[in-house]
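Residues per chain, in single letters:
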Amino acid sequence: MAAYSQLIESIGRQREAVIGYQSRMTAIPALGPDNGGTGEMPKALYLEGVLRDLGVSDILRVDAPDDRVPDGVRPNIVARIPGKSSRRLWILGHMDVVPAGELSHWKSDPWKTVVDGDRIYGRGVEDNQQAIVCCLLIAKQLRELNLTPDLSLGLIFVSDEETSSHYGMHYVMKKRPDLFGADDFVVIPDYGVADGSFIEISEKGQLWLRVEVTGKEAHGSRPHEGRNALVAASDMILHVRDLESLYAETDPIFEPPCCTFVPTRHEENVLNINSLPGRDVFYVDCRLLPGVDHDAVLASAREIMEAVAERHSVKVDVSAVVNAPASPATSPDSEVVRRLSGGIREIYGIEPRCVGSG
Ligand SMILES: [Zn+2]
């Protein structure tokens, strides 16, 4: 118990280390190719170096081949620190971040951290560098205090979390299922709230749709000769919400408690104002409650869009660009949730709450 208090207390004094790790990681934009980037390798190499400097010797890489990035692979780091028991606590963080978006909406350079009191700003500092920093701090303090934890520890830093995990955790699970014991604990500090009271036990499935509308291009002055794909696509966008009534089930652990269907990205169509667009492409981000059949949603989306297409005499093609159904929820009564809840009560003095995330 003395060692435990010592560890908790010393981790609370790591402000400078947190700022240092965060600043160095933020300066290495790790964007996957689906987000227009060149992958996570430079960030992975930095983190491997940090782990080695912290005396972690058991580090392996489970790299997923991906010829769209210059290194040809998407790196996944697995670092293990032995404990008194072979039973392991895994903590998982993801290295990739989402794009910075419209730069003029930032008050500072997204790739340079800014520290303001107890806040730190920069792309990725929360999602998900806070998790990686927590892992590094544990490794650092175990070493500095020369402690051997009761449970063995496993730290995993993955790629590709923001765009399906296909080259990240899915790949690690597929290639190295032997790494994980049946009674191991797994904690993924990704979604959360500032006071630390949320324990996420379930996540909605992810179905991203691409809708391509094909009409007929014409001069803007002669619309009767064309079939306007933009107008048809706009009508379809308004009908995306028809999916809400078809899939209206709810689960109160989620906020919002229902499936969501949100038109998001729209591709550029014609470059000039005096052309009637013959092709238009937009995307829909669907987040589906566990148990909702993704194929059924895809079929419904096709049916709805095809009915609109018919009215506009255009063609439509609806395809899934990401299709990741939800995993079964973790039971609120499971040992990992009970132990984590105990830790939250003890350290923060608050009552944790089991929630789902979208
Ligand atoms: Zn995340």
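Up top you'll find the structure we're talking about.
Quick notes on the coordination of the zinc ion
Around the zinc ion, the protein contributes the donor atoms H94 (NE2), D127 (OD), D190 (OD) and D190 (OD), at 1.8 to 2.6 Å from the metal centre. Relative to the metal, the 4 donor atoms surrounding the zinc ion lie at angles of 55 to 135°, and the coordination shape comes out irregular. Positions of the donor residues of the zinc ion, expressed as sequence spacing, correspond to H-x32-D-x62-D. Taken as a pair, H94 in strand β5 (residues 88-94) and D190 in the loop between β9 (185-187) and β10 (198-203) lie far apart in primary sequence, 96 residues in all. No difference in accessibility class separates H94 from D190, as the two residues are buried.

Topic: the packing of aromatic side chains
Applying the stated criterion to the full structure yields 3 aromatic pairs. Note on W90 and F180: the rings are 4.8 Å apart at their centroids and 55° apart in plane angle, and the pair reads as tilted. Of the two residues, W90 sits in strand β5 while F180 sits in the loop between α5 (169-175) and β9, which places them 90 residues apart along the sequence. Judged by relative accessible area, W90 falls into the buried class, the value being 1%. Over the ring of W90 we find R88, and its NZ or CZ is 5.4 Å from the ring centre.

A few points about helix α8 (residues 294-312)
Helix length check: α8 (19 residues) gives 27 Å between terminal C-alpha atoms against 27 Å at 1.5 Å per residue, within 8%. Every buried residue of α8 is accounted for by H294, V297, L298, S300, A301, I304, M305, V308 and A309. Turning to α8, the residues buried within the fold contact β11 (205-214), α6 (229-239), α7 (242-246), β13 (260-266), β15 (279-288) and β16 (315-324). Residue D293 occupies the N-cap position of α8, its side-chain oxygen lying 2.9 Å from the main-chain nitrogen of D295. Positive backbone phi, at 55°, marks S313, one or two positions downstream of α8.

Describing the layout of surface pockets
If you add up the space inside the second largest pocket, you get close to 190 Å³. In this structure, the second largest pocket is lined by 14 residues; those nearest its centre are G55, I81, P82, L142 and R143. Secondary structure elements with two or more residues in the lining of the second largest pocket: β4 (77-81) and α4 (125-144). When residues in the lining of the second largest pocket are grouped by element, the largest group, 3 residues, is from α4. Residue composition of the lining of the second largest pocket, grouped by class: 8 nonpolar, 4 polar and 2 charged.

Some points on the nonpolar core
Membership of the largest hydrophobic core comes to 30 residues, with the highest contact counts inside it found for V213, M236 and F261. Elements that contribute at least two residues to this core include exactly β11, α6, β15, α8 and β16. Of the residues forming this core, the biggest block, 7 residues, is contributed by α8. Dropping the residues within four chain positions of it, F261 is found in contact with V240, L243, E244, Y247, V284, D285, C286, L288 and V297. Counting 29 residues, the second largest nonpolar core, distinct from the first, contains A44, Y46, V56 and I132.

Thoughts on a negative patch on the surface
Taken together, E303, E306, E310 and D317 make up a surface patch of like negative charges. Here the negative patch takes 3 residues from α8, the largest share from any one element. Turning to its location among the elements, D317 is positioned in strand β16.

Some thoughts on the sheet that holds β16
Strand order in this open sheet of 4 strands is β13-β15-β11-β16, and the pairing throughout is antiparallel. Each of the sheet's edge strands pairs with one partner strand only, and the pair in question is β13 and β16. Here the average twist between neighbouring strands, direction ignored, is 25°. With 9 bridges connecting them, β11 and β16 associate as antiparallel partners. Across the sheet, residue V211 finds its bridge partner in β16, namely V318.

Observations concerning a nonpolar patch on the surface
Among the surface-exposed residues, Y4, I8, I347 and Y348 lie close enough to one another that they form a single nonpolar patch of about 370 Å² accessible area. If you list the elements that add at least two residues to the nonpolar patch, you get α1 (2-11) and α9 (335-348). What makes I347 partly exposed here is its relative accessible area of 40%.

Structural notes on the packing of helix α2 (residues 15-26) against α4
At a closest axis distance of 10 Å, the pairing of α2 and α4 adopts a crossing angle of 130°. Classified by the angle their axes make, α2 and α4 are oblique. As α2 runs across α4, the sense of the crossing is right-handed. Taken together, the residues of α4 that come into contact with α2 (itself represented by A17, V18, Y21, Q22, M25 and T26) are V125, Q129, Q130, I132, V133, L136, L137 and K140. Along the lines of polarity and charge, the residues of the contact of α2 with α4 split into 9 nonpolar, 4 polar and 1 charged.

A look at the environment of L31
Turning to its location among the elements, L31 is positioned in the loop between α2 and α3 (41-53). Spatially, the C-alpha atoms of L31 and D190 are 17 Å apart, while their sequence positions differ by 159 residues. With sequence-adjacent residues up to four places away left out, L31 is seen in contact with G37, T38, G39, V97, V98, P99 and W111.

The rules we used
- One numbering rule holds for all chains: residues counted from 1, following each sequence as written.
- Note on the predicted model: pLDDT of at least 70 is required for a residue's local features to be given, and 80 or more for side-chain atom pairs to be given and counted; whole-chain, interface and lining totals, by contrast, use all residues.
- The basis for the side-chain values is all heavy atoms of the structure; hydrogens and waters are excluded.
- The donor definition counts N, O and S atoms within 2.8 Å of each metal and applies 3.2 Å to Na, K and Ca; water is not among these atoms, so some sites may look incomplete.
- Under the classification used here, a metal with four donors is tetrahedral if each angle lies between 85 and 135 degrees, square planar if opposite donors are over 155 degrees apart and the others between 65 and 115, a six-donor metal meeting that same test is octahedral, and anything else is irregular.
- Under the scheme used here, helices are H or I runs from DSSP no shorter than 4 residues and strands are E runs no shorter than 2 residues, and both carry numbers assigned from the N terminus.
- Categorising residues by exposure relies on relative accessible area from a 1.4 Å probe, with only protein chains included: less than 20% of the type maximum marks a residue as buried, more than 50% marks it as exposed, and the intermediate range marks it as partly exposed.
- When the centres of two rings from Phe, Tyr and Trp lie within 6.5 Å, Trp using its six-membered ring, the rings pair. Their planes under 30 degrees apart give stacked, over 60 give edge-to-face, and anything left gives tilted.
- Here, a charge over a ring means that NZ of Lys or CZ of Arg falls within 6 Å of the ring centre while also lying within 35 degrees of the ring normal.
- Multiplying 1.5 Å by the helix residue count minus one yields the expected span of that helix.
- It only takes one pair of heavy atoms within 4.5 Å for two residues to be counted as in contact.
- Whenever a nitrogen or oxygen atom comes within 3.5 Å of another N or O atom, the pair is scored as a polar contact, on the condition that within protein one atom can donate a hydrogen and the other can accept it, and that pairs from neighbouring residues in sequence are kept only if both atoms are in side chains.
- Here a cavity denotes a set of grid points, spaced 1 Å apart and computed over the protein atoms alone, in which a 1.4 Å probe fits but from which it cannot get out, and a pocket denotes an open set meeting protein on both sides within 12 Å along at least five of seven lines; residues with an atom within 4 Å of a point are reported as lining.
- Grid points are joined across faces, edges and corners, and a volume is the space filled by probe spheres set on the points.
- Three residue categories are used. Nonpolar comprises Ala, Val, Leu, Ile, Met, Phe, Trp, Tyr, Cys and Pro, charged comprises Asp, Glu, Lys and Arg, and polar comprises the others, including Gly.
- In plain words, nonpolar cores are sets of buried Ala, Val, Leu, Ile, Met, Phe, Trp, Tyr and Cys residues tied together by side-chain atoms within 4.5 Å.
- Each patch is built from residues that are more than 30% exposed by relative accessible area and take part in no salt bridge. Like charges join if they lie within 9 Å; nonpolar side chains (Val, Leu, Ile, Met, Phe, Trp, Tyr) join within 5 Å.
- Note on areas: Shrake-Rupley with a 1.4 Å probe; residue coverage comes only from the protein chains shown.
- A pairing counts as a salt bridge when a side-chain nitrogen of Lys or Arg comes within 4 Å of a carboxyl oxygen of Asp or Glu.
- In this charge count, Lys and Arg are treated as positive and Asp and Glu as negative; neither His nor the chain ends contribute.
- Where a charge lies is defined by one atom per residue type: Lys uses NZ, Arg uses CZ, Asp uses CG and Glu uses CD.
- Strand pairing is defined by DSSP finding a minimum of two bridges between the two strands.
- Each axis is a line fitted through C-alpha atoms, and for a helix only the stretch in contact is used; angles between axes span 0 to 180 degrees, taken between their N-to-C directions.
- Any angle from 65 to 115 degrees is called roughly perpendicular, while one under 35 is roughly parallel, one over 145 is roughly antiparallel, and all others are oblique.
- Two helices cross in a left-handed way if the nearer one is turned anticlockwise from the farther one by less than a right angle. They cross in a right-handed way if the turn is clockwise.

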